[in-house]
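Here is how the chains run, residue by residue.
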Amino acid sequence: MQGVSMYISRPELAIDLQGHRGCVQDVIKVMEFLYPYKLKEEWDKVGLILGDPDWPVRKILLAVDPVPIVVKEAIDLEVDMVITHHPLYLRGTSFLATTDYKGKAVTDLLMNRIALANAHTNADSASRGVAYALAAAFGLRETRPLAPSKDDPTLGLGRVGRLPEPVELAQLAREAARVLPVGSSGILMSGDPATRIETFAVSGGAGDSLLEAAARSGAQAYLTADLRHHPSSEHIEDGGCALLCGSHYATEFPWLPIAAKDISGELAKVGLGIQVYVSRTITDPWVEYFPAE
C-alpha cells in the first residue's frame, strides 16, 4: 500500500490513501457515495456522529440502533467504527454524562477510539437501501418507489412491485414472519386472509405516512411497521389495501447484509480490505408477546 496515492472506483468516488490503510473519512466517502446525503429528509441527521475522521479503520460493525448492547458488541469485537441506521441524537442534547445511556455510549465509544456514523432516511431512499432490501426479501419485480425523490423518480421512500407469483394474504403474512427477524412482535394482518396478492408494497420503519401512496399504487397489500390505530382504521374503512405490520427493527434489518456487501465491496475497489460485520443482536424494544386467551 505504501507509495500508492490514489485509487478510483467511480468518477464520483476518489479516495486519497496517502500511504495509510483506510480511515474514518474514507468510509464516510463510501457511505455518501452509496447513500447520498441529498436523499435525506429535511428533519433528519445523517453522517459522522462522533470520532476523528483520521482515525484508522480495520473493522466496522453495522447495526440498526446505537444502543448500549450494540456498543458493547463493538467493543468486544474490537471494531474501529460503528455504522447504524438510526441517529444517536435526532433532536440534539445539552448533556453527555454517563448517567444517561446515550452519554455513556458516547463515552464508551470515544474511550475505545470507535467512531460512530449513520445513514437514515438517505439509506431509506437509496437505490440499494432499506426499501430495496425489504422488496428484495420478497423477490419483488419491476419495483418503483412509493414516494419518488424529486431529483430522481427511480429513488425514494418505499417500494411497490410484483410478487414472483400470486399468493393469498395469509400466506404472504406467514412468509413475512419467515423472512423477517420478527423477534417477539410477530406480524399483524388486516384484510381477508384469502385475498389474492399480486402487487405488494413495502416500506421499512414507521410507514403510515405512506398509506395513501400504498393505496394509490395498485398494491393489494402493504407491509410496514409502527402502524397507528386511527390511520390504519381509516385506510381500511376507505377501501385501502390489506395491511401487514411488523416491528420497526424487523423491517429495517434486511438492509444490513446488503449494506455490508456494498460497503466492503466499494472499499475493496479502492484497495481497502476492511472487514464489515453485521450485528445479529435484535434491538427491538419488545421482548415478549402474550397472545389473547
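Scoring rules and cut-offs
Residues numbered from 1 in each chain as written. Predicted model: local features only at pLDDT ≥ 70, side-chain atom pairs only at ≥ 80, totals over all residues. Heavy atoms only, no water. Pairing = 2+ DSSP bridges. Helix = DSSP H or I, 4+ residues; strand = E, 2+ residues; numbered from the N terminus. Axes fitted to C-alpha atoms, helices over the stretch in contact; angles between N-to-C directions. Contact = heavy atoms within 4.5 Å. UniProt positions renumbered as here; feature names shortened; annotations may be inferred. 1 Å grid on protein atoms, 1.4 Å probe; cavity = no way out; pocket = protein on both sides within 12 Å on 5 of 7 lines; lining within 4 Å. Buried < 20%, exposed > 50% of the residue type's maximum accessible area, 1.4 Å probe, protein only. Arc of directions from axis to C-beta. Points joined across faces, edges and corners; volume = space filled by probe spheres on them. Nonpolar A, V, L, I, M, F, W, Y, C, P; charged D, E, K, R; others polar. Domains from an automatic or database assignment.

Asker: Hey, could you run me through the sheet that holds strand 5 (residues 81-84) in this one?
Answerer: Two pairing modes exist for strands in a sheet, parallel and antiparallel, and in both the strands are linked by backbone hydrogen bonds. Spatial ordering of the open sheet is given by 3-6-5-4-15, a layout of five strands whose pairing is mixed. Here the strands that pair on one side only, and so sit at the sheet edges, are strand 3 (47-50) and strand 15 (275-278). Taking each pair of neighbouring strands and ignoring which way they run, the sheet shows an average axis angle of 25 degrees. Each of strand 4 (59-63) and strand 5 touches helix 2 (residues 68-77); the most contacted strand, strand 4, lies at about 160 degrees to it.

Asker: Before we go on, may I ask you to explain the UniProt feature "binding site: a divalent metal cation" (unreviewed entry) in the protein chain in this structure?
Answerer: Per the UniProt annotation, the sites labelled "binding site: a divalent metal cation" (unreviewed entry) are H85, H86, D124, H248 and E252. Over a stretch of 168 residues, the named residues converge on one spot in the fold, their C-alpha atoms separated by at most 12.8 Å. Here the residues from the annotation list that line the largest pocket are H85, H86, D124, H248 and E252. Along the chain, H85 falls in the loop between strand 5 and helix 3 (101-111). Here H85 is in contact with A63, V64, N118, A119, H120, A123, D124, V130, E252 and W255, once residues within four sequence places are set aside. Residue placement: E252 occurs in helix 9 (residues 248-252).

Asker: What is the right way to read the sheet that holds strand 11 (residues 188-190) from this model?
Answerer: Strand order in the open sheet formed by six strands is 7-10-12-13-14-11, with mixed pairing between adjacent strands. Looking at strand neighbours, the two that pair on one side only are strand 7 (141-144) and strand 11, the edges of this open sheet. Neighbour to neighbour, the strand axes of the sheet diverge by 25 degrees on average, direction disregarded. Here strand 10 (residues 159-168) runs beside strand 12 (residues 196-206); their pairing, made up of six bridges, is antiparallel. Of the residues in strand 12, the one forming a bridge with E168 is R196. Strands in contact with helix 5 (residues 130-137) are strand 7, strand 10, strand 12 and strand 13 (221-225); relative to strand 12, the strand with the most contacts, it is inclined by about 145 degrees.

Asker: Before we go on, may I ask you to explain the environment of Y101 in this structure?
Answerer: With respect to the secondary-structure elements, Y101 resides in helix 3. Residues Y101 and S185, 84 residues apart in the sequence, show an inter-C-alpha distance of 24 Å.

Asker: Where do I start with helix 2 in this structure?
Answerer: An α-helical turn contains 3.6 residues, so a residue and the one three or four places further along point in the same direction. What helix 2 keeps buried is the set V70, V71, E73 and A74. For helix 2, the angular spread of the buried residues around the axis is 160 degrees, confining them to a single face. The outward face of helix 2, more than 90 degrees from its buried face, is lined by the exposed residues K72 and D76. Packing partners of the buried residues in helix 2 comprise strand 4, strand 5 and helix 3. In the stretch just after helix 2, E78 is the one whose phi turns positive, near 60 degrees.

Asker: When you look at the layout of surface pockets in this model, what are you seeing that I'm missing?
Answerer: Over the atoms rolls a probe the size of a water molecule, and its path tells where empty space is left. Counted as a void, the largest pocket has a volume near 500 Å³. W43, H86, H120, H248 and E252 are the residues nearest the centre of the largest pocket, which is lined by 27 residues in total. Contributions of two or more residues to the lining of the largest pocket are made by helix 3, helix 4 (121-125), strand 12 and helix 9. Looking at the lining of the largest pocket, the element that brings in the most residues is strand 12, giving four residues. Broken down by class, the residue content of the lining of the largest pocket amounts to 11 nonpolar, 10 polar and six charged. The residue makeup of the lining of the largest pocket includes at least three contributed by each of domain 1 (12-34 + 47-118 + 252-278) and domain 2 (127-246).

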